[in-house]
Amino acid sequence: MATSLGSNTYNRQNWEDSDFPILCQTCLGENPYIRMTKEKFGKECKICARPFTVFRWCPGVRMRFKKTEVCQTCSKMKNVCQTCLLDLEYGLPIQVRDTGLSVKDEVPRSDVNKEYYTQNMEREIANSDGTRPVGLLGKAPSSSDMLLKLARTTPYYKRNRPHICSFWVKGECKRGEECPYRHEKPTDPDDPLADQNIKDRFYGINDPVADKLLKRATTMPRLDIPEDKSITTLYIGGLGEDVTDSELRNHFYQFGEIRTITIVQRQQCAFIQFATRQAAETAAEKSFNKLIINGRRLNVKWGRSQAARGKENEKDGVTESGIRLEPVPGLPGALPLPPVSDEDAPTNYFNLVPTNSPAVMNLGLPPPPGVAMPPPPGFGPPMFHAMDPMAPPMPPPMAMRPPGQVHYPSQDPQRMGAHASRHGGP
């Protein structure tokens, strides 16, 4: 246990005095220019109860001040952050990490055994290079499929928000916008996540966050292998703008020969075609929900055959590049197929709605040169006066004329000069 400053025991000589804390990216915050206060032997470690150097800082704007909770010895024993006690490599609780790695590291709970265990761990830490964990965790396998699927790849700064204002909940907060606490309704008190203990987090027992993640791991989606053996292409989604062709090739070449890599920058995805089906299956199994490049978790799916993709795109109105096209109102539908027989040939080739308008006149072709054609009624120049009894009857109006061939004035035999030229006149 911690002793007085005047004593000179082993624990007193090994009180922690450090220059910088061991923190995860989330607790450190997104501000690269951060100021910390350092208090030498400020508090006792909440695990081993030995005094250690306490660091206190604000991770960002509108965030609460944070401080280190455990000493660096306890942090190195479990490879966790000194503040949130989450694993530094995967960002997961200790219980989830030990379950994924099949590690059962039982730290003593009694005072005497705890001091003895801590001294042995300090000796092992001093003899190591400091780049790998010590104890049973250092002897565990390097990775696990479950941990790679559950690992957090980006910082979760929402965890640094202020606590809820208890005065606001009671309707008595008078600070308004100047209140440093959150004005939100608290969570359900019966929610398991509302009851978290730092010692349970460190020892990996009764951790509600770990229980939630372990339940999620059992219900995670699986990648089914397509039945079409000709499919050797994998779809890689969520590339962003930083992932390049060489980075994808450097990761996937270990599974087999790569035939082509096509990156669609507009859709931020890529298609990787392997030479064999076995290589594609191995790459899909080893990369599904575990592929992380440049800190981005990428989606891995099987590609589709050309026939299936064409039918689905035609059905859903999606182009080959993945763009969904909205139907344009007012456009006619597809043209019908040509009829088999000429007798049943329909004339509505453009799917026009039938109306009650007058029938459309058939447009005949003009006659060949040298062949005269009778003029249509009403087109030629008047040869007689309207009151002349010898004059022919007036043609009916255009709207009352029966459908027939259309003739032009130049073909009218009664026009000026046409009669003389036809009878060989001068």
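Everything quoted here is computed from the prediction, not taken from an experiment.

1. Brief notes about the UniProt feature "zinc finger region: C3H1-type" (unreviewed entry) in the chain
- Feature annotation in UniProt places "zinc finger region: C3H1-type" (unreviewed entry) on residues 159-186, given in this structure's numbering.
- A helix fraction of 14% and a strand fraction of 0% characterise residues 159-186, whose end C-alpha atoms lie 15 Å from each other.

2. Digging into helix α5 (residues 111-127)
- Here α5 is 17 residues long and its end C-alpha atoms lie 25 Å apart, about the 24 Å a rise of 1.5 Å per residue gives.
- Of all the residues in α5, the buried ones are K114, Y117, T118, M121, E122 and I125. When α5 is viewed along its axis, its buried side chains cluster within an angular range of 145° and face the same direction. With respect to the buried face of α5, the exposed residues turned more than 90 degrees away are V112, Y116, A126 and N127.

3. Re the pairing of strand β9 (residues 299-302)
- Here β9 shows one buried face, formed by V300 and W302, and one open face, formed by N299 and K301.
- In terms of strand pairing, strand β4 (residues 233-237) meets β9 through 4 bridges, oriented antiparallel. When the sheet's bridge partners are listed, Y235 is paired in β9 with K301.

4. Some points on the packing of helix α4 (residues 94-101) against helix α10 (residues 208-218)
- Close contact between α4 and α10 brings their axes to 8 Å; oriented N to C, the two are set at 40°. Considered as vectors, α4 and α10 are oriented oblique to each other. Residues Q95, V96 and T99 of α4 form the contact with α10, whose participating residues are A210, D211, L213 and L214.

5. Thoughts on the sheet that holds strand β3 (residues 66-67)
- Here 3 strands make up an open sheet; going across it, the order is β1-β2-β3 and the pairing antiparallel. Whereas interior strands pair on both sides, the edge strands pair on one side only; in this sheet they are β1 (36-44) and β3.
- As defined by bridge partners, β1 adjoins strand β2 (residues 51-57) across 6 bridges and the pair is classed as antiparallel. The residue bridging E39 from the neighbouring strand is V54, located in β2.

Rules behind the numbers
Per chain, residues are indexed from 1 in the order of the written sequence. Given that the model is predicted, a residue must reach a pLDDT of at least 70 before its local features are reported, and side-chain atom pairs must reach 80 or more before they are shown or counted; all residues, however, enter totals for whole chains, interfaces and linings. Only hydrogens and water are removed before side-chain values are computed, so all heavy atoms of the structure are retained for them. UniProt positions are given in the numbering used here, feature names are shortened, and annotations may be inferred rather than shown by experiment. Counting from the N terminus, the helices are DSSP H or I runs at least four residues long and the strands are E runs at least two residues long. Given a helix with a known number of residues, its expected span is that number minus one, times 1.5 Å. Burial classification: accessible surface area is computed with a 1.4 Å probe over protein chains only, and a residue below 20% of its type maximum counts as buried, one above 50% as exposed, and the rest as partly exposed. Regarding the arc, it is the one traced by the directions from the helix axis to the C-beta atoms. Following DSSP output, two strands are said to pair if at least two bridges run between them. To obtain each axis, a line is fitted to C-alpha atoms, and for helices this fit is confined to the stretch in contact; angles are then taken between N-to-C directions over 0 to 180 degrees. Angles are sorted into four bins: roughly parallel if under 35 degrees, roughly antiparallel if over 145, roughly perpendicular if 65 to 115, and oblique for all others. What makes two residues a contact is simply this: any of their non-hydrogen atoms within 4.5 Å.

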